[in-house]
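# A closer look at the structure
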Amino acid sequence: MATTQINDFIVRLMTGQRTTLRRLHPLFKPFEPYRRPSPGTGGEVPVPESAEAFLTATGYGDIAEVLSFRAEWMHLIDRGKLAGCVICSG
């Protein structure tokens, strides 16, 4: 994603609301701020630039209670054709 596209997405996500049966709720519910893992902690995961821009601006959290981003759910793939990529499981 281009920088302007990710910035537009972040603005829409942070200002968006969703309707439930009785009221409006924010589209994004923050959980905790994003912290880049420090080298040597065993948790260094190379995050793609656009994903890191997103996490830096929004922090970890839930989108519409359907999609969640948590630090402990990101793992580095260490073998095979996708070695060096990040997979989210949670």
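In the block above lies the structure referred to throughout.
Position numbers for residues start from 1 in each chain and track the written sequence from start to end. Owing to the predicted nature of the model, reporting of local features is limited to residues with pLDDT of at least 70; listing and counting of side-chain atom pairs is limited to 80 or more, with chain, interface and lining totals taken over all residues. As a convention, hydrogens and water are excluded, and side-chain values are obtained from all of the structure's heavy atoms.

Our next topic: the nonpolar core. Counting 12 residues, the largest nonpolar core consists of Ile6, Ile10, Leu13, Phe28, Tyr34, Val47, Phe54, Leu55, Tyr60, Ile63, Phe69 and Met74. Each helix corresponds to a stretch of at least 4 residues labelled H or I by DSSP, and each strand to a stretch of at least 2 residues labelled E; elements are numbered beginning at the N terminus. Elements with a contribution of two residues or more to this core: helix H1 (3-15), helix H2 (49-58) and strand E4 (60-63). Counting residues per element, this core draws most heavily on H1, which supplies three residues. In this structure Phe28 touches Leu13, Met14, Thr58, Gly59, Tyr60, Gly61, Asp62 and Ile63, once residues within four positions along its chain are discounted. Each nonpolar core is a collection of buried residues, namely Ala, Val, Leu, Ile, Met, Phe, Trp, Tyr and Cys, held together in the definition by side-chain atoms within 4.5 Å. The buried label goes to any residue with under 20% of its type's maximum accessible area, the exposed label to any with over 50%, and the partly exposed label to all in between, with areas taken from a 1.4 Å probe on protein chains only. In this analysis, two residues are considered to be in contact whenever any of their non-hydrogen atoms come within 4.5 Å of each other.

Here we come to H2. For the α-helix, the turn length of 3.6 residues means that residues three or four positions removed from each other point alike. For H2, the full list of buried residues reads Glu52, Phe54, Leu55 and Thr58. Axial view of H2: buried residues confined to an arc of 160 degrees, hence all on one face. The outward face of H2, more than 90 degrees from its buried face, is lined by the exposed residues Glu49 and Thr56. Elements in contact with the buried residues of H2: H1, strand E3 (28-32), E4, strand E5 (67-69) and strand E6 (74-76). Immediately downstream of H2, the backbone of Gly59 shows phi near 80 degrees, a positive value. The arc in question is formed by the directions pointing from the helix axis toward the C-beta atoms.

A few words now on the pattern of salt bridges. Close approach of charged atoms allows side chains of opposite charge to pair. A carboxyl oxygen of Asp or Glu within 4 Å of a side-chain nitrogen of Lys or Arg is what we treat as a salt bridge. Tallied over the full model, the rule gives three salt bridges. The residue Arg35 makes a salt bridge to Glu32 at a minimum N-O spacing of 3.2 Å. In this structure Glu32 comes out as partly exposed when scored by relative accessible area, which is 22%. For Arg70, the salt bridge goes to Asp62, with nearest N and O atoms at 3.1 Å. By relative accessible area, Arg70 is classed as buried at 11%. The exposure class assigned to Asp62 is buried, which follows from its relative accessible area of 15%.

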